[in-house]
Amino acid sequence: MDWITEIVNWVNSFLWDFLLLFLLCGTGIYFTIRLKFVQIRKFPAACKAVFGNIKLFGKKADKDGISSFQSLATAIAAQVGTGNIAGAAGAIASGGPGAIFWMWLSAFFGMATIYSEATLAQKYRTTVDGQVAGGPVYYIRGAFKGKFGKALAGIFAVLIILALGFMGNMVQSNSISVAFQTSFGIEPWIVGIIIALIAGFIFLGGVRRIVSVTEKIVPIMAVFYVIGSLVIIFGNITQIGEALRVIFVGAFSPSAVMGGVVGISIQSAIRYGVARGLFSNEAGMGSTPHAHALAKVEHPGDQGLVAMIGVFIDTFIVLTMTALVIIITGVFDNGQTGVELAQTAFSSFYQAGGGIFICISLLFFAFSTIIGWYFFGEQNVKYLFGPKGVRLYALIVVILIVVGSVLKVELVWNLSDFFNSLMVIPNVLGLLALSGVVSKLYKEWETSKKAGKNKK
């Protein structure tokens, strides 16, 4: 298996070091310019759309779709995962604190990309067996007619099922089981079975049960983690200015803050910051449009604004909390990486409670990601095989959750990265081909909002 791992690692390195780094960032920059910096100009409107008249619970999904908040909660459930802990820590360990600056920058441009994804998901959504459905497979077909479009959409569907529904959910369950074994000594297989049973119950409830869970769990997990992080940050309030200085200086001169650690360069800071950031917020990867397509909104542009807040919460709030805690506690250059580094940072303040805090946070993050990723895969199973394929798909995912909890999943995680990387390509091709449609929809949305204000 070692040679397979080496090949997959080499391909992943090539994709993330070169192809995807330029493709995703380039796409974000392109849409930022074409949409006239929508993420800045319309950010207040986006916040108002999400938080201005918020009713968290009580609305039920139906054949016509789900509420805008439910779609955002489902998207965030997938976006905010173990990457918000391990990803931030890994970026700092490999690229220095300056990687966080590049992570912020990539997320800034990613907000324009995800606006485009959500808008197109709304535009090209359809009805399958009486239920609203949407996602990249539909706007890819809209972008490329005939056999090429059908083949490209089919390739995307297969890749996302493998990357997220199967392999991705194996590593998420593994993250939970390892954390509980380390903190509480519980056997991984016991944790795996419990997670699988709860997840299976949610899966079988369909879209209605999935969104009902995500709209409740996402606010709870976000508040829990942010408050736990802010206690440390404000407990070291005199260090905040220095932490920000380290981030900005490290972005352009890593050696100035890392003491000449071997391998840390500006290129490393950019590479790991951008790659980890984009992988965490999923802008341009084609996953979250499945949730945004189902939202019941007046105009596709409305959901585009809501989608931008998902990237903002994932990167600028949750992921930033992890980064600041690691930097403020001064453990960022101790040689550790991933979850281990985050645990050390939180334990330096909470002592024995730090490991438990990370364990509970991972439970929230990873389990919500399992639900979100299952849902995204399910939408593509329906596209390929119709509703009859959903039960078998759910059964396979439940089994893999148990299997993943007891395996060493380095290869599985690398394969998930591999398929996840590949699915970016057909999605971005579809986005770029339909950039004119995105621009037209954006202008329509602006015109309609101005007309609405004039009437008032």
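What you see is a predicted model, and the numbers here were worked out from it, not measured in a lab. (Residues numbered from 1 in each chain as written. Predicted model: local features only at pLDDT ≥ 70, side-chain atom pairs only at ≥ 80, totals over all residues. Heavy atoms only, no water.)

1. Considerations on the overall build of the protein chain
Next up, step 1: From N to C terminus, the protein chain includes 20 helices and 2 strands.
Next up, step 2: Taking 456 residues into account, the globule formula puts the C-alpha radius of gyration at 23 Å, and the protein chain, at 21 Å, falls close to it.
Next up, step 3: Taken along its principal axes, the extent of the C-alpha atoms in the protein chain is 55 × 50 × 45 Å.
Next up, step 4: The 456 residues of the protein chain split such that 57% are buried.
Next up, step 5: In the protein chain, the share of contacts with a sequence separation of at least 24, taken over all contacts with a separation of at least 6, comes to 85%.
Next up, step 6: Accessible surface, the protein chain: about 18,400 Å² in total, of which carbon and sulfur atoms supply 66%. (Helix = DSSP H or I, 4+ residues; strand = E, 2+ residues; numbered from the N terminus. Rg over C-alpha atoms; globule rule 2.2 N^0.38 Å. Buried < 20%, exposed > 50% of the residue type's maximum accessible area, 1.4 Å probe, protein only. Contact = heavy atoms within 4.5 Å. Areas by Shrake-Rupley, 256 points an atom, 1.4 Å probe, with all protein chains shown as cover.)

2. Looking at the environment of Ser 177
Next up, step 1: Tracing the backbone shows Ser 177 in helix H8 (residues 146–184).
Next up, step 2: Take Ser 177: its relative accessible area is 0%, and that puts it in the buried class.
Next up, step 3: Sequence separation between Ser 177 and Ile 195 is 18 residues; the distance between their C-alpha atoms is 9.2 Å.
Next up, step 4: For Ser 177, the residues in contact, after removing those within four places along its chain, are Pro 188, Val 191 and Ser 405.

3. Some points on the packing of aromatic side chains
Note on aromatic pairs: each is described by the distance of the centres and the angle between the planes.
Next up, step 1: All told, the structure shown has 30 aromatic pairs when counted by the stated rule.
Next up, step 2: Both rings, one in Phe 166 and one in Tyr 393, keep their centres 5.8 Å apart while their planes meet at 40°; by these two values the pair is tilted. Placement of Phe 166 in helix H8 and of Tyr 393 in helix H18 (residues 390–406) is noted, with a sequence separation of 227 residues between them. In this structure, Phe 166 and Tyr 393 share a single accessibility class: buried.
Next up, step 3: An angle of 35° between the planes, with centres 5.9 Å apart, marks the rings of Tyr 350 and Phe 357 as tilted.
Next up, step 4: Note on Tyr 350: relative accessible area 25%, which makes it partly exposed.
Next up, step 5: One aromatic cluster is present, formed by Phe 224, Tyr 225, Phe 346, Phe 349, Tyr 350, Phe 357, Phe 364 and Phe 365 through successive ring pairs.
Next up, step 6: Across from the ring centre of Phe 201, 4.1 Å away, lies the NZ or CZ of Arg 209, which sits over that ring. (Phe/Tyr/Trp six-rings, centres within 6.5 Å; stacked < 30°, edge-to-face > 60°. Lys NZ or Arg CZ within 6 Å of the ring centre and 35° of its normal.)

4. Comments concerning the pattern of salt bridges
Next up, step 1: Throughout the structure, instances matching the rule amount to 5 salt bridges.
Next up, step 2: A salt bridge links Glu 446 to Lys 42, with the nearest nitrogen and oxygen atoms 3.4 Å apart. One end of the pair, Glu 446, is in helix H20 (residues 435–455); the other, Lys 42, is in the loop between helix H2 (38–41) and helix H3 (43–51), with 404 residues separating them in the sequence.
Next up, step 3: Using a relative accessible area of 18% as the deciding quantity, one classes Lys 42 as buried.
Next up, step 4: Residues Asp 302 and Lys 449 are paired through a salt bridge, measuring 3.3 Å at the closest nitrogen-oxygen approach. Highlighted residues: Asp 302 in helix H15 (residues 300–328) and Lys 449 in helix H20, separated in sequence by 147 residues.
Next up, step 5: Taking the relative accessible area as the measure of exposure, Asp 302 reaches 14% and is therefore buried.
Next up, step 6: A residue is classified by how much of its surface remains accessible, and Lys 449, at 32% relative accessible area, is partly exposed.
Next up, step 7: By sharing partners, the salt bridges in this structure join Arg 41, Lys 42 and Glu 446 into a single network. (Salt bridge = Lys/Arg side-chain N within 4 Å of Asp/Glu carboxyl O.)

5. Some thoughts on a positive patch on the surface
Next up, step 1: A cluster of basic residues, Arg 34, Lys 36, Lys 443 and Lys 450, forms a positive patch on the protein surface.
Next up, step 2: As for its placement among the helices and strands, Lys 36 is situated in the loop between helix H1 (2–34) and H2.
Next up, step 3: Of the residues examined, Lys 36 reaches a relative accessible area of 56% and is grouped as exposed. (Patch = residues over 30% accessible without salt bridge, like charges linked within 9 Å, V, L, I, M, F, W, Y side chains within 5 Å. Lys, Arg positive; Asp, Glu negative; His and termini not counted. Charge placed at Lys NZ, Arg CZ, Asp CG, Glu CD.)

6. Section: the packing of helix H5 (residues 86–95) against helix H16 (residues 338–350)
Next up, step 1: Contact pair H5 / H16: the axes reach a minimum separation of 7 Å and the direction vectors enclose 95°. It follows that H5 is roughly perpendicular to H16 by the angle criterion. Seen from H5, the contacting residues are Ala 86, Ala 89, Gly 90 and Ala 93; seen from H16, they are Gly 338, Val 339, Leu 341 and Ala 342.
Next up, step 2: Tallied by class, residues from the contact of H5 with H16 come to 6 nonpolar, 2 polar and no charged. (Axes fitted to C-alpha atoms, helices over the stretch in contact; angles between N-to-C directions. Parallel < 35°, antiparallel > 145°, perpendicular 65-115°, else oblique. Nonpolar A, V, L, I, M, F, W, Y, C, P; charged D, E, K, R; others polar.)

7. Some thoughts on the side chain of His 299
Next up, step 1: Here His 299 lies in the loop between helix H14 (289–292) and H15.
Next up, step 2: There is a polar contact of 2.9 Å between the side chain of His 299 and the backbone nitrogen of Gly 301. (Polar contact = N/O pair within 3.5 Å; in protein donor to acceptor, adjacent residues only side chain to side chain.)

8. Considering helix H9 (residues 188–204)
Next up, step 1: An ideal rise of 1.5 Å per residue puts 24 Å on 17 residues; H9 measures up with 24 Å between its terminal C-alpha atoms.
Next up, step 2: Residues Pro 188, Val 191, Gly 192, Ile 195, Ala 196, Ala 199, Gly 200, Ile 202 and Phe 203 constitute the buried set of H9. Buried residues of H9, viewed axially, fall in a sector of 160°; they line one side. Of the residues in H9, the exposed ones pointing more than 90 degrees away from the buried face are Leu 197, Phe 201 and Leu 204.
Next up, step 3: Considering only its buried residues, H9 is in contact with H8, helix H10 (206–235), helix H17 (352–385) and H18.
Next up, step 4: Positive phi appears at Gly 206, one or two residues downstream of H9, with a value of about 75°. (Expected span 1.5 Å × (residues − 1). Arc of directions from axis to C-beta.)

9. Section: the side chain of Ser 116
Next up, step 1: When you line up the elements, Ser 116 lands in helix H6 (residues 99–123).
Next up, step 2: Using a relative accessible area of 0% as the deciding quantity, one classes Ser 116 as buried.
Next up, step 3: Not counting residues up to four positions away in its chain, the partners in contact with Ser 116 are Phe 31, Leu 35, Leu 431 and Val 438.

10. Thoughts on the environment of Gln 379
Next up, step 1: With respect to the element layout, Gln 379 can be found in helix H17.
Next up, step 2: Gln 379 sits 65 residues away from Asp 314 along the chain, and the two C-alpha atoms are 23 Å apart.
Next up, step 3: For Gln 379, the contacting residues outside a window of four places in its chain are Ala 133, Val 207 and His 290.

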